[in-house]
Amino acid sequence: MAVNGATGNATEQQFLTTVSVDGLGDIGVFDKFTGGDVTTKITKNREGGMGVEKTYLSLQTYSDVVVSRVYDEGRDHALIGTINPLVGNTYATFGQQPLDADGVPWGTPRTWRGRLADLKDGPADSNSAAVRIWELTLSVETIAG
């Protein structure tokens, strides 16, 4: 039996991904989350005379976050139409909550906040039986948690 909050192994499925869009509120749980990585370009300098190389303070940047889920006509058709005009000018928060082996949330959720940057309705193909997936991209400004 899992002990809530205990450390242990985790799989990618043990995270609850949620999205909240300013003005719309919570738009639900998403199936997949990628991105949100923190990186920086460190400046280095080596002093003359074969001096020791030094590094200098550098600011962080964040990669975009992309979330996606199965397109559910009753839930998502009107929602996607509502989000379309918000891309580029509206803020959102994407969240990730760890889950224990029983699917119970624990720990501190991590959140990525920024501006909606991209919306993809999902592909269509008259010869395909693949599940339609739609995705939303966030241009990250801050990360908390």
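Report follows, based on the coordinates. These numbers were taken from a predicted model, which means no experiment stands behind them.

## Quick notes on the nonpolar core
By size, the foremost hydrophobic cluster in this structure holds 20 residues, and its most contacted members are F94 and L136. Elements that contribute at least two residues to this core include exactly β1 (15-21), β2 (25-30), β8 (65-70), α1 (73-83), β9 (91-98), β10 (110-120) and β11 (133-144). With four residues, β11 is the single largest residue contributor to this core. The contact partners of L136, leaving out residues within four places of it in the chain, are V19, I27, V65, V66, V67, I83, F94, L116, D118 and L119.

## What about the pattern of salt bridges?
Two side chains bearing opposite charge may form a pair once their charged atoms approach each other closely. In the structure shown here, the tally under the stated rule is seven salt bridges. One salt bridge in this structure joins E53 and K44, with 3.9 Å as the shortest N-O distance. For E53, a relative accessible area of 38% puts it in the partly exposed group. Measuring nitrogen to oxygen at the nearest pair gives 3.2 Å for the salt bridge that ties D118 to K120. For K120, a relative accessible area of 42% corresponds to the partly exposed category. If you follow the salt bridges from partner to partner, you end up with R69, R75 and D76 in one network.

## Section: the side chain of D100
You can see D100 is positioned in the loop between β9 and β10. Although D100 is buried, it makes no salt bridge; R110 carries the closest opposite charge, 17 Å away. In this structure the side chain of D100 is engaged in a polar contact, spanning 2.8 Å, whose partner is the backbone nitrogen of D102.

## Here's the deal with the environment of S58
Relative to the helices and strands, S58 resides in the loop between β6 (53-56) and β7 (61-62). Among the residues examined, S58 registers a relative accessible area of 22% and is labelled partly exposed.

## A short note on α1
Inspection of α1 places D76, L79, I80 and I83 among the buried residues, and these make up the whole buried set. Taken around the axis of α1, the buried residues stretch over an arc of 105 degrees, which confines them to a single face. Across α1 from its buried face, at more than 90 degrees, point the exposed residues E73, G74, H77 and A78. Structurally, α1 contributes buried residues whose contacts are with β2, β8, β10 and β11. Two or three places before G74, at the start of α1, stands the capping residue D72, its side-chain oxygen 3.1 Å from that residue's backbone nitrogen.

What counts, and at which threshold
- Residues numbered from 1 in each chain as written.
- Predicted model: local features only at pLDDT ≥ 70, side-chain atom pairs only at ≥ 80, totals over all residues.
- Heavy atoms only, no water.
- Core = buried A, V, L, I, M, F, W, Y, C linked by side-chain atoms within 4.5 Å.
- Buried < 20%, exposed > 50% of the residue type's maximum accessible area, 1.4 Å probe, protein only.
- Helix = DSSP H or I, 4+ residues; strand = E, 2+ residues; numbered from the N terminus.
- Contact = heavy atoms within 4.5 Å.
- Salt bridge = Lys/Arg side-chain N within 4 Å of Asp/Glu carboxyl O.
- Lys, Arg positive; Asp, Glu negative; His and termini not counted.
- Polar contact = N/O pair within 3.5 Å; in protein donor to acceptor, adjacent residues only side chain to side chain.
- Arc of directions from axis to C-beta.

The values are spatial; any link to function lies outside them.
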